[in-house]
Amino acid sequence: MLTAAAPHASASPAQIHYERHRPETTVLYRILQENVERFYHQVDLETGHSLPDFVRKEFDHYLACGILAHGFLRAKCDECRHEKLIAFSCKCRGFCPSCGARRMAVTAAHLVDEVMPRVPVRQWVLSLPIPLRYLLASHPELLSPVLDVVHRVISGGLIKKAGFKRTEAQAGGVTFVQRFGSALNLNIHFHCLELEGVYHQRGEPLGFHRVAAPTLAELNRLLERIVTRVLRLLTRLGYRVEDQGPAYLEGALAEGALSTLQAAATSYRIGLGPRQGKKVLTLRTVEADEDRGSERCVQNNGFSLHAEVSCEANDRKKLERLCRYVARPAMANERLKLSDCGQVVLTLKSPFRDGTTHLVMSPLELLQRLAA
């Protein structure tokens, strides 16, 4: 146990306040605490394999996060001698809402204060076909080369649009690889915060050349280039059969308990249990909005490229909100509820086009999603 000095007593109570995080009172913590051993047994029994150690550690560390019995720091004011107990956190990157929210806030502040220059920024979101999401989940070593293709296409498009050659200008941006969708499905996709222009040096001091927002025709050309190069990359690496469109080699996919859960989670289905292979139950509480769309969103062979959201050079508050959005954790505690019959009700961040606002699943089905 350690003792640390609290901030100086001259600071007003209104400025300094600490409230201990109490994960044991949340629905998510209670679900894991009561069902995680049953879940391990279900996986072993139905797949014949155990979950990888890193997945088990993620669950186990979460159950120790914020619990005083697993260690704490004692902070004491040097003047009034008042003490506070600060429980250790898990600092995991999987699904812990508390650690994820803290990392989101710190990351966003760092990007705005130290990384992103005061120039316009646009968010580019690339979504992938379901088979490719599964492939990247099973073979994470493919993420870097695929992301390199995406970055080169977008940055090359910006440089060309600005009227420069690659040797004369540089684009810039930060990319977040998100592994989840709002339904806690396994959905690997890329959020790229790209500068809305390029830095160049043509016989003059380094300057920034802004470009206009992308048109639909430009987005279609960029996405077609991304699709072509990604499929060519997968063919060269042996993960795709030549001349079969976005079809991937089945033998390239991993085997084991985690692979079973990932395959189900990418297609919004249940991987284990009495409802195996079925889709999660949904609740529709608003009218369907099939026409909802974006001016700057295009699709091609299961890929989609969205570039609607942007912020101006001096709108740092909007930029921070955007950075928090792309760095957000997989879930928030307030989105989970338990029904009277013990089912988990997950509130979606925003309604689906068909009017779905909630998903209903058993506690073990929720753990399947978290593991994937």
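Here the structure is a predicted model, which means the values were calculated and not measured.

Draft legend 1. The arrangement of the pairing of strand 12 (residues 303–306) in detail. Sheet topology note: the strand 4 (residues 121–127)/strand 12 ladder contains three bridges and is antiparallel. If you follow V125 over to strand 12, its bridge partner there is H306. Relative to strand 12, strand 11 (residues 297–300) runs antiparallel, the two being bridged by four bridges. Looking at strand 12, one finds that C297 is bridged to H306. Between the end of strand 11 and the start of strand 12, which pair antiparallel, lie two residues, with N301 showing a positive phi angle near 55°.

Draft legend 2. Highlighting the environment of K279. Within the secondary structure layout, K279 lies in the loop between helix 7 (257–266) and strand 10 (281–284). Measuring from C-alpha to C-alpha, the distance between K279 and R269 comes to 4.3 Å, with 10 residues separating the pair along the chain. Residue contacts for K279: discarding those within four places in its chain leaves S267, Y268, R269 and I270.

Draft legend 3. Molecular detail of the nonpolar core. The biggest cluster of nonpolar side chains holds 85 residues, and the ones touching the most others in it are L28, L32, F39, F59, W124, L366 and L370. In this view, W124 contacts I154, L158, F190, H191, C192, E194, P214, L219, L222, L305, H306 and A307; residues no more than four positions away in its chain are not counted. Listed in part, the 16 residues of the second largest apolar core include V119, L195, L322 and C323.

Draft legend 4. Summary view of the sheet that holds strand 5 (residues 169–170). With respect to topology, three strands assemble into an open sheet ordered 5-8-9, the strand pairing being antiparallel. Lying at the two open borders of the sheet, with one neighbouring strand each, are strand 5 and strand 9 (207–210). Alignment of strand 8 (residues 197–200) against strand 9, held across four bridges, turns out to be antiparallel. Note that in strand 9 the partner of H200 across the bridge is G207.

Draft legend 5. Region of interest: a positive patch on the surface. Judged by side-chain charge, R152, K160, R166, R221, R225, R229, R232 and R236 come together as a positively charged surface patch. Per-element tally for the positive patch: the top contributor is helix 6 (residues 216–236), with five residues.

Draft legend 6. Molecular detail of the packing of helix 1 (residues 27–47) against helix 9 (residues 363–371). Orientation of helix 1 relative to helix 9, taken along the N-to-C sense of each, is 85°, at an axis distance of 9 Å. Relative to helix 9, helix 1 is oriented roughly perpendicular. Within the contact between the two elements, helix 1 uses L28, I31, L32, N35, V36, R38, F39 and Q42 and helix 9 uses P363, L364, L366, L367, Q368, L370 and A371. Residues of the contact of helix 1 with helix 9, tallied by class, amount to 11 nonpolar, three polar and one charged.

Draft legend 7. Highlighting the packing of aromatic side chains. Following the criterion strictly, the structure yields seven aromatic pairs and no others. Between Y62 and F95 the ring centres are 5.4 Å apart and the planes differ by 55°, which places this aromatic pair in the tilted class. Here Y62 is found in helix 2 (residues 53–64), whereas its partner F95 is found in the loop between strand 3 (83–87) and helix 3 (97–115), with 33 residues between them in sequence. Taken as a pair, Y62 and F95 share a single burial class, namely buried. The ring centre of Y40 lies 4.1 Å from the NZ or CZ of R56, which sits over that ring.

Draft legend 8. Inspection of helix 1 at higher detail. At N35, helix 1 shows its maximal bend, which comes to roughly 55°. Taken residue by residue, helix 1 has V27, L28, Y29, I31, L32, N35, V36, F39, Y40, Q42, V43 and T47 as its buried positions. Packing partners of the buried residues in helix 1 comprise helix 2, helix 3, helix 7, strand 14 (336–338), strand 15 (344–347) and helix 9. Positioned one or two residues after helix 1, G48 has a phi angle of 75°, which is positive.

Draft legend 9. Region of interest: unusual backbone geometry. Notably, Y268 is not glycine yet its phi reads approximately 65°, a positive angle. A positive phi is found at N301, a non-glycine position, where the angle reads about 55°. Residue position: N301 is located in the loop between strand 11 and strand 12.

Cut-offs and rules
Residues numbered from 1 in each chain as written. Predicted model: local features only at pLDDT ≥ 70, side-chain atom pairs only at ≥ 80, totals over all residues. Heavy atoms only, no water. Pairing = 2+ DSSP bridges. Helix = DSSP H or I, 4+ residues; strand = E, 2+ residues; numbered from the N terminus. Contact = heavy atoms within 4.5 Å. Core = buried A, V, L, I, M, F, W, Y, C linked by side-chain atoms within 4.5 Å. Buried < 20%, exposed > 50% of the residue type's maximum accessible area, 1.4 Å probe, protein only. Patch = residues over 30% accessible without salt bridge, like charges linked within 9 Å, V, L, I, M, F, W, Y side chains within 5 Å. Areas by Shrake-Rupley, 256 points an atom, 1.4 Å probe, with all protein chains shown as cover. Salt bridge = Lys/Arg side-chain N within 4 Å of Asp/Glu carboxyl O. Lys, Arg positive; Asp, Glu negative; His and termini not counted. Charge placed at Lys NZ, Arg CZ, Asp CG, Glu CD. Axes fitted to C-alpha atoms, helices over the stretch in contact; angles between N-to-C directions. Parallel < 35°, antiparallel > 145°, perpendicular 65-115°, else oblique. Nonpolar A, V, L, I, M, F, W, Y, C, P; charged D, E, K, R; others polar. Phe/Tyr/Trp six-rings, centres within 6.5 Å; stacked < 30°, edge-to-face > 60°. Lys NZ or Arg CZ within 6 Å of the ring centre and 35° of its normal. Bend = angle between axes of the 7 residues up to and from the residue.

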